[in-house]
Amino acid sequence: NGTDGYVNLGISYAMKGDLQNALKAFEKGINITPNNANLYLNMGITYDNLGEKEKAKTFYEKAFALDPSLKK
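Residues numbered from 1 in each chain as written. Predicted model: local features only at pLDDT ≥ 70, side-chain atom pairs only at ≥ 80, totals over all residues. Heavy atoms only, no water.

Asker: Describe the pattern of salt bridges, with residues and values.
Answerer: The final tally for this structure, using the stated rule, is 2 salt bridges. In this structure, D48 engages K53 in a salt bridge whose closest nitrogen and oxygen atoms are separated by 2.9 Å. Of the charged contacts, one joins K55 and E52 as a salt bridge, the two residues approaching to 3.5 Å between their closest N and O atoms. E52 gets classed as partly exposed once you look at its relative accessible area, which sits at 32%. (Salt bridge = Lys/Arg side-chain N within 4 Å of Asp/Glu carboxyl O. Buried < 20%, exposed > 50% of the residue type's maximum accessible area, 1.4 Å probe, protein only.)

Asker: An account of the packing of aromatic side chains is needed here, citing residue identities and associated values.
Answerer: Counting across every chain of the model gives 3 aromatic pairs. Summarising the aromatic geometry, the rings of Y47 and F59 are spaced 5.5 Å apart at their centres and angled 20° between planes, so their arrangement reads as stacked. Taken together, the positions of Y47 in helix 3 (residues 37-49) and F59 in helix 4 (residues 53-66) put the pair 12 residues apart, joining distant regions of the chain. The same class applies to Y47 and to F59, which are both buried. The rings of Y40, Y47 and F59 are connected pair by pair, giving a single aromatic cluster. One cation-aromatic arrangement involves K62 over Y40; the distance from NZ or CZ to the ring centre is 5.7 Å. (Phe/Tyr/Trp six-rings, centres within 6.5 Å; stacked < 30°, edge-to-face > 60°. Helix = DSSP H or I, 4+ residues; strand = E, 2+ residues; numbered from the N terminus. Lys NZ or Arg CZ within 6 Å of the ring centre and 35° of its normal.)

Asker: Explain the environment of L39 residue by residue, including any values.
Answerer: Looking at the element boundaries, L39 is found in helix 3. Each C-alpha atom of the pair L39 and A22 lies 11 Å from the other, and the pair is 17 residues apart in sequence. Leaving out residues up to four positions away in the same chain, L39 has contacts with T3, Y6, V7, F26, G29, I30 and T33. (Contact = heavy atoms within 4.5 Å.)

Asker: Go over helix 1 (residues 4-15) with me, naming the residues and quoting the values.
Answerer: In a regular helix each residue adds 1.5 Å, so 12 residues correspond to 16 Å; helix 1 covers 16 Å between its end C-alpha atoms and thus fits that length. One or two steps after helix 1, the chain reaches G17, where phi turns positive at roughly 90°. (Expected span 1.5 Å × (residues − 1).)

Asker: Can you lay out the environment of Y40 for me, pointing to particular residues and giving the numbers?
Answerer: When you line up the elements, Y40 lands in helix 3. Taking relative accessible area as the criterion, Y40 reaches 9% and is therefore assigned buried. Along the primary structure Y40 and K62 are separated by 22 residues, whereas in three dimensions their C-alpha atoms are 6.5 Å apart. Excluding its chain neighbours within four sequence positions, the residues that come into contact with Y40 are I30, P34, F59, K62, A63 and L66. A polar contact of 2.9 Å, which involves the side chain of Y40, links it to the backbone oxygen of P34. (Polar contact = N/O pair within 3.5 Å; in protein donor to acceptor, adjacent residues only side chain to side chain.)

The structure is reproduced here in structure tokens:
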């Protein structure tokens, strides 16, 4: 779908260590497609990497609610 580009962009930023721009990319994708579990999952991972565990947990829970298969 159209938000896959935001997933990929965010992951690219994260891989370069630019976590703030990764979050911005994931947020843009969520604003366009608020039911994309991969965007929420990646937001959770990014917040985890920033040490913001509570924010990460919120995004993980949303991702798993949208797509329970992500818990594997």
